[in-house]
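Descriptive analysis of the structure
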Amino acid sequence: MKKTLILLAMVIALVILPFFIDHGGEFGGSDGEAEALIQVTAPHYQPWFTPLYEPASGEIESLLFTLQGSIGAAVIFYILGYYRGKRGEHAGD
């Protein structure tokens, strides 16, 4: 029981602590950093293609990215559950 409480306290600390530690940094994706590095190393580089769809805002782009990840996770876990059920294993066993 004591070990469980210590582990729980550590998990809570790991979740809450980053909100109070400020390194003056900014959250950003790797795409923007890659684009900046390409502009520095090869200033005359032209992209091979343009995106088929450009979201109207960053919030919509984040929503679509999250939706894509959620659908992918749902497919993976459905397949895992299907094969586990096919073998006859149940959660209560």
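For the protein chain, the name recorded in an unreviewed UniProt entry is Cobalt transport protein CbiN, with Yersinia kristensenii as its organism. A UniProt comment under Sequence similarities (unreviewed entry) is attached to the protein chain, and it reads "Belongs to the CbiN family." Listed under Subcellular location (unreviewed entry) in UniProt, the entry text for the protein chain is "Cell membrane".

Quick word on the overall build of the protein chain
Looking only at helices and strands, the protein chain features 3 helices and 0 strands. Computed over its C-alpha atoms, the radius of gyration of the protein chain comes to 22 Å, more than 25% above the 12 Å expected for a compact globule of 93 residues. Dimensions of the protein chain, computed from the C-alpha atoms along their principal axes, are close to 60 × 40 × 25 Å. Here the protein chain holds 93 residues, and 1% of them are scored as buried. Of the roughly 9,400 Å² that the protein chain leaves accessible, carbon and sulfur atoms contribute 68%. In the protein chain, 5 side chains carry a positive charge and 10 a negative one; their mean positions are 29 Å apart.

Here we look at the packing of aromatic side chains
For the structure on display, the rule yields 2 aromatic pairs. Their ring planes at 25° and their centres at 6.4 Å tell us that Y78 and Y82 sit as a pair that is stacked. Placement of the pair is Y78 and Y82 together in helix α3 (residues 58-86), with a separation of 4 residues, close to one helical turn. For Y82, a relative accessible area of 43% gives the class partly exposed. Relative to Y83, the ring of Y82 has its centre 5.3 Å away and its plane inclined at 75°; by these criteria the two rings are edge-to-face. Under the relative-accessibility criterion, Y83 is labelled partly exposed at 48%. Three or more aromatic residues joined by ring pairs make a cluster, and in this case those are Y78, Y82 and Y83.

Here we look at the UniProt feature "transmembrane region" (unreviewed entry) in the protein chain
Here the UniProt-annotated "transmembrane region" (unreviewed entry) positions come out as residues 60-80. Helix makes up 100% of residues 60-80 and strand makes up 0%, while its end C-alpha atoms are separated by 30 Å.

Things to note about helix α2 (residues 30-41)
With 12 residues, α2 extends 16 Å between its outermost C-alpha atoms, agreeing within 8% with the 16 Å of an ideal straight helix rising 1.5 Å per residue. Across the 12 residues of α2, 0 count as buried, placing the element largely on the outside.

Comments concerning a negative patch on the surface
A cluster of acidic residues, D31, E35, E54 and E61, forms a negative patch on the protein surface. Along the polypeptide, E54 turns up in the loop between α2 and α3.

The rules we used
Residues numbered from 1 in each chain as written. Predicted model: local features only at pLDDT ≥ 70, side-chain atom pairs only at ≥ 80, totals over all residues. Heavy atoms only, no water. UniProt positions renumbered as here; feature names shortened; annotations may be inferred. Helix = DSSP H or I, 4+ residues; strand = E, 2+ residues; numbered from the N terminus. Rg over C-alpha atoms; globule rule 2.2 N^0.38 Å. Buried < 20%, exposed > 50% of the residue type's maximum accessible area, 1.4 Å probe, protein only. Areas by Shrake-Rupley, 256 points an atom, 1.4 Å probe, with all protein chains shown as cover. Lys, Arg positive; Asp, Glu negative; His and termini not counted. Charge placed at Lys NZ, Arg CZ, Asp CG, Glu CD. Phe/Tyr/Trp six-rings, centres within 6.5 Å; stacked < 30°, edge-to-face > 60°. Expected span 1.5 Å × (residues − 1). Patch = residues over 30% accessible without salt bridge, like charges linked within 9 Å, V, L, I, M, F, W, Y side chains within 5 Å. Salt bridge = Lys/Arg side-chain N within 4 Å of Asp/Glu carboxyl O.

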